[in-house]
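Examining the three-dimensional arrangement
Residue-level listing of the chains:
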Amino acid sequence: MGLLSFVLRRLGLAVFVLLGVAIITFILSRSISSNPIVAWLGRAASMYPDLAAAYAAKYHLNDPLYMQFYYYIVGLLQGDLGYSVLKGRPVAVAIRETLPYTLQIAFFAIVFTLVIGIPLGVLAGKYHRKAADYGIRAFYLAGVSSPAFLLALFLLIVLTYMFRLLPSGGALSPGVSAPKPFTGFILIDSLLEGNLSTFLDALTHVIMPSLALALGVFGYVTRVLRASILEVMRTNYIRSARAKGLDENTIFFKHALRNAMIPVVTLASLLVTWLVTGTLFAETIFTYPGVGQYLVQALSALDYPSILAITLVFAGIIVASNLAADILYAVVDPEIRLH
Amino acid sequence: MEGKSVLNVDGLSIAYELKTGTVRAVDNVSMSIEPNELVAVVGESGCGKTTLGLSIIGLLPSPPAKYVSGEVNFNGKNLLSLAPDEMRLYRGTEIAMIFQEPMTSLNPVFKIGNQIREAIKLRDSRGKGGATSGRDTLGSSSRNGANDKKKQIIDVLNLVRIPDPERVADRYPFELSGGMRQRVMIGMALAQKPSLLIADEPTTALDVTTQAQVLKLMRGLMEEVDTSILLITHDLAVASQVADKIAVMYAGQIVEEAEVLDLFSHPLHPYTQGLLACIPSGSKEGMKLKPIQGSTPDLRNIPAACKFAPRCPCVMKRCVATKPELTVKEGSHRVACYLYQ
Amino acid sequence: MTRFKNPRTQYFYELLSYNNETKLGSFFVASIAVLAIVVALTGDGLLPYNPIKQNVGPALDAPSLQHLFGTDILGRDVLSRILYATPNDVFVSFLVVGVSLLVGALLGATAGYRGGLLDEALMRYTDIIFAIPALVLAISIAVILGPGIIHMMYALLIIWWPPYARLARGETLRVSHQNYIEAAKASGIGSFRILTRHVLPNILTPMIAYASIDIGSVVIIYAGLSYLGLSIRPPLPEWGAMVSAYQDYLVSAPWLPIFPALVIGIVVVAFSILGDGLRDAVEAARMG
């Protein structure tokens, strides 16, 4: 029962936060222009007066502010995020098209982050104050301090231009056609079609942006894990394990690591924030058609509805991942579970 | 007593090298523990008793600590001459140790039964599971299978008188009280059938009632399981409840050692006398508590004299000139004081 | 070693020389700060070349002895441009962090000390801000305000203080249960004085440790925003903007995008080293 009430409380908080974000985006949208029609439609308002009038009616944009907010929320719940002049279609549709690409990058970025970050963290903790420790710390410091575009450029130079290993951009190589959009994720869709060559092609294109993100972010995992290991090795229960006569390897890998990993889980939610930030640059440099690139394009075009809607969507992703991390933490740490 | 001593510490000196100076934590300590004997080492914080305990089991962190001289003989073998890997084989199954803070001494993410099972497995893997007289209570490795392991775990919990052992074995440490956790520690330590159990302030973190229970348990188990106990404590009253022999430590040295009754009826060293006078007791109602004047010496500046001299009410010229050695006064009563030399 | 008579100065001196990292980091950060101030005061006077004037050298010239970082497409010296842009990033980040520290400390300490509705409100508000990635929120605000450094700074100032408020609140909670606060309350000192005289000085040290790493984060985000074109002020140089402008020259003239990007990274590393060291110092102070 402890777990269920815990989840419900967290869920309530999540909903509250999302509502707060919606309020902020609403305020921002009304700050663009006192004319709410312009806020909703951006420049389309002047370009398509009939469309503007239709929107005004639909969203009661001539009513007082609180009514507008009400219909704004109703619209959100129905999946209406406004209209994008840039893309020539509703924002929600544009996001639905681009989000899978970003999620693909995010997925591989997390995988790379863990694959790089965890072993390095373990090594740095085990060989504390030896050469390996300092080397690893220098490495992750470089990664964490580099702006995402530096890492992307670096990878581009090394992997694409120097060693010709991976392509320079796009989601698929020119000439390769996209699979039928079943789920919207080209990786999954190509597999569903049984089209292995398309799948592999898509895979090679997703690696670079994901790796660029992972290099910027793995340092957090390594740092936290290293500090956690050092702290755990100083505890009384590790001293008890030694007194029992266990060998150092068992003590390190069985007793220490299991406890040291716990803070890494809470870190996962922070990672998402950094990944989302980095994806803007990675997608731009690698011309990967995800939400990040969409946002940057919207920025240049001053497509306000898109910008604000994407803000809301990103917030939603972060809230969802925080929730998932909290639940995972409760599962992993027995003490939280039974409180 | 006949036979070989379980533990024989001979002239042990250990120093800590700090940035601020070298500290003589243990100064020429010699003592012994016989089979089935409970010896208590009593002294204030910083007198070196914990260092002594850790050095016996080989858990003294060796960069700051340095073994200056002496031997630690366990069943005849000098432990200080062993390589770390060899010493590890003695830990747990020959010499076990439990510590002061039961709240943090158990791994929080593993269940109690799991942790006990680990101790048992280690014991079996070192071939100590075989039947030895008096230790069959804890099972032998000739029996295999998960059920038998489970039974052995329950046996351990029963040994330390933990009620409802099946449920406790399935619990996590944070679900138990301090007293119960300490019993689990004791049980886990004894499950490995050591010849010597070192207990460093095992009851200090517990309330008085639990304290008495745990002490009584340890004393009782000593006979049941055929082991010896080295009890380290700052509390003379605690020591008096369960010890056969008490060694009083001050500033790294043993200043007096005697059997319990003898120590309490004829305390010789002025420090011991002072300690006894400090114990609040009902029979001395109305009398003032007499603390010992002064404070423990800075162990970095070692005078060539008796370390207690600055605080001693009976100090003589001789005491400030040279250090008195621990010598036999009568029978098994030893004291390091010029009043008796 | 007691170098300074004033206890406060002595305290900071000890803090900054706590270990190798703080010493190295302090040196780096101080150098960067000095550079920023010098450039801000002397303009292009001390630079090798005029950063704005075109054709001070051949266009697209690779790094050489005359032009250590090469020249760009308009024949401008890259090194001079990078140096000239230093005050932007440095001042913006110091300012944003400084103001956030102050505002956050005051709000957080008050909330932590008083508790109640103010505390709840602060926690919920920061929850909401935390949910939106800093960069994205900064973009949204900056877009509305319009381009320009000042507007970018406003955007950052609005969103940057919550972590400091949280930190201040946490530290205040930890500190307000300590004895000297109880003693102060018992002797009848008013809340405001307790806050300013007793609470704030004691919560500042961990906040300073956080702030020193945080400056690096502002530099990254600011560079990111200028990369995205939100502070367009051509022909004046900006590190991030230089990277995005010269991105396409990655193959033909790699020095163009790489050097500004590297400089950003190095500046952030300097702050990270200092911040890491300070964090250790704070830990030690707490233990001792």
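Residues numbered from 1 in each chain as written. Chains lettered and ligands numbered in written order. Predicted model: local features only at pLDDT ≥ 70, side-chain atom pairs only at ≥ 80, totals over all residues.

**Remarks on the overall build of chain C**
Along the backbone of chain C there are 11 helices and 0 strands. Each helix and strand of chain C, placed in order from N terminus to C terminus, yields the pattern α-α-α-α-α-α-α-α-α-α-α. By principal-axis analysis of the C-alpha atoms, chain C measures approximately 75 × 50 × 30 Å. Each of the 288 residues in chain C was classed as buried or not, and the buried ones make up 47%. (Helix = DSSP H or I, 4+ residues; strand = E, 2+ residues; numbered from the N terminus. Buried ≥ 20, exposed ≤ 12 C-beta atoms within 10 Å, placed from the backbone.)

**Some words on the overall build of chain A**
Counting secondary structure elements, chain A contains 16 helices and 2 strands. Each principal axis of the C-alpha distribution contributes one length, and for chain A these read about 80 × 55 × 40 Å. Residues counted as buried form 45% of the 339 residues belonging to chain A.

**As for the interface of chain A and chain C**
With 37 residues of chain A at the interface, the matching set in chain C holds 34 residues. Elements with a minimum of two residues in the side of chain A that touches chain C: α1 (2-32), α7 (131-145), α8 (148-162), α13 (262-285), α14 (291-301) and α15 (304-332) of chain A. For the side of chain A that touches chain C, the element with the most residues is α1 of chain A, which contributes 8 residues. Class assignment of the residues belonging to the side of chain A that touches chain C gives a composition of 29 nonpolar, 8 polar and no charged. (Contact = placed C-beta atoms within 7 Å. Nonpolar A, V, L, I, M, F, W, Y, C, P; charged D, E, K, R; others polar.)

**Overview of the sheet that holds strand β1 (residues 7-18) of chain B**
Residues and elements named next belong to chain B. Reading across the sheet, the 4 strands line up as β2-β1-β4-β5 and stay open at both edges, with antiparallel pairing between neighbours. Two strands in the sheet have a free side with no partner beyond their single neighbour: β2 (21-33) and β5 (77-78). The pairing of strand β4 (residues 65-74) with β5 spans 2 bridges and is antiparallel. Pairing of F74 across the sheet is with K77, part of β5. (Pairing = 2+ DSSP bridges.)

**A look at the interface of chain B and chain A**
Tallying the contact residues gives 20 residues for chain B and 16 residues for chain A. Elements with a contribution of two residues or more to the side of chain B that touches chain A: β6 (95-98) and α3 (112-125) of chain B.

**Describing the arrangement of the chains**
Of all 2 pairs of chains sharing an interface, the pair with the highest contact count is chains A and C. For the non-touching pair chain B and chain C, the nearest C-alpha separation works out to 15 Å.

**Looking at the environment of I273 of chain C**
Residue and element names in this part refer to chain C. By secondary structure assignment, the location of I273 is in helix α11 (residues 255-287). Placed 252 residues apart in sequence, I273 and E21 show a C-alpha to C-alpha distance of 5.8 Å. When near neighbours in sequence (up to four residues on either side) are disregarded, I273 contacts E21, L24, G25 and F28.

**Concerning the sheet that holds strand β8 (residues 228-233) of chain B**
Residue and element names in this part refer to chain B. Sheet architecture is open: 8 strands sit in the order β6-β7-β8-β3-β9-β10-β12-β11, paired in mixed fashion. Where the open sheet ends on each side, the last strands, each with one partner, are β6 and β11 (327-330). With strand direction ignored, the average angle separating the axes of adjacent strands in the sheet is 20 degrees. Bridging between strand β7 (residues 196-200) and β8 involves 5 bridges; their strand directions are parallel. Residue pairing in the sheet places A199 in a bridge with L231 of β8. (Axes fitted to C-alpha atoms, helices over the stretch in contact; angles between N-to-C directions.)

**A word on the packing of helix α10 (residues 196-233) of chain A against α13 of chain A**
Residues and elements named next belong to chain A. Relative to each other, α10 and α13 sit at 155 degrees, their axes nearing to 9 Å. Taken together, α10 and α13 sit at an angle that is classed as roughly antiparallel. The two elements α10 and α13 cross, and the hand of that crossing is right-handed. Here P209, A212, L213, G216, V217, Y220, V221, V224, L225 and S228 of α10 come into contact with α13, specifically with P263, V264, L267, L270, L271, W274, L275, G278, T279, A282 and E283. Along the lines of polarity and charge, the residues of the contact of α10 with α13 split into 16 nonpolar, 4 polar and 1 charged. (Parallel < 35°, antiparallel > 145°, perpendicular 65-115°, else oblique. Left-handed = near helix turned anticlockwise from the far one by under 90°.)

**Section: helix α4 (residues 146-159) of chain B**
All names here are of chain B. The end-to-end C-alpha distance of α4 is 20 Å, a good match for the 20 Å that 14 residues give at a rise of 1.5 Å each. Buried residues of α4: Q152, I153, V156, L157 and L159, and no others. Down the axis of α4, the buried side of the element spans an arc of 160 degrees, and every buried residue falls inside it. Elements in contact with the buried residues of α4: α3, α5 (165-169), α6 (178-191) and α7 (208-225). (Expected span 1.5 Å × (residues − 1). Arc of directions from axis to C-beta.)

**Thoughts on the pairing of β6 of chain B**
Residues and elements named next belong to chain B. Residue alternation in β6 divides its side chains into two sets, I95 and M97 and A96 and I98, and both sets are buried. Pairing analysis gives 4 bridges linking β6 to β7, with the strands arranged parallel. Bridging across to β7, M97 finds its partner in I198.

**Notes on the packing of helix α3 (residues 78-114) of chain C against helix α4 (residues 116-131) of chain C**
All names here are of chain C. At a minimum axis separation of 7 Å, α3 and α4 run at an interaxial angle of 130 degrees. By the angle class used here, α3 and α4 are oblique. With respect to the hand of their crossing, α3 and α4 are arranged in left-handed fashion. Residues L107, T110, A111, G112 and R114 of α3 form the contact with α4, whose participating residues are G116, L118, D119 and L122. Class assignment of the residues belonging to the contact of α3 with α4 gives a composition of 4 nonpolar, 3 polar and 2 charged.

**Structural notes on the nonpolar core**
Judged by nonpolar contacts, the single largest core of 163 residues is most densely connected at F149, A152 and A212 of chain A together with A138 of chain C. With 16 residues, helix α9 (residues 191-227) of chain C is the single largest residue contributor to this core. Apart from the residues lying within four places of it in its own chain, the contact partners of A212 of chain A are A148, L151, A152, L155 and A282 of chain A. If you look at the next biggest cluster of nonpolar residues, it comprises 97 residues, including L52, L159, A189 and Y271 of chain B. (Core = buried A, V, L, I, M, F, W, Y, C linked by C-beta atoms within 7 Å.)

**Looking at the environment of S5 of chain B**
In this structure, S5 of chain B sits in the segment before β1. Apart from the residues lying within four places of it in its own chain, the contact partners of S5 of chain B are S32, I33 and E34 of chain B.

**Overview of the confidence of the model for chain C**
Averaged over chain C, the pLDDT score is 84; the fraction of residues at 70 or greater is 98%. Across chain C, element-level confidence peaks in α3 of chain C with a mean pLDDT of 90 and bottoms out in helix α8 (residues 179-186) of chain C with 75. (pLDDT = per-residue confidence, 0-100.)

**A short note on unusual backbone geometry**
Residues and elements named next belong to chain B. Here N28, not a glycine, exhibits a phi torsion of approximately 55 degrees, which is positive. Within the fold, N28 resides in strand β2. For N28, a count of 19 C-beta atoms within 10 Å corresponds to the partly exposed category. Positive phi, close to 55 degrees, is recorded for K193, a residue that is not glycine. Mapped onto the secondary structure, K193 falls in the loop between α6 and β7. Classification of K193 by C-beta neighbours within 10 Å gives buried; the count is 25.

**Things to note about the pairing of β1 of chain B**
It is a general feature of regular strands that their side chains alternate between the two faces of the sheet. All names here are of chain B. Summarising the sheet, β1 and β2 pair through 9 bridges and their orientation is antiparallel. Its bridge partner being in β2, N8 is matched across the sheet by S32. In this structure, the hairpin formed by β1 and β2 is closed by a connection of 2 residues.

**A short note on the environment of P181 of chain A**
Residues and elements named next belong to chain A. If you trace the backbone, P181 turns up in the loop between α8 and α9 (186-193). Judged by the 11 C-beta atoms lying within 10 Å of it, P181 falls in the exposed class. With 81 residues separating them along the chain, P181 and I262 place their C-alpha atoms 39 Å apart.

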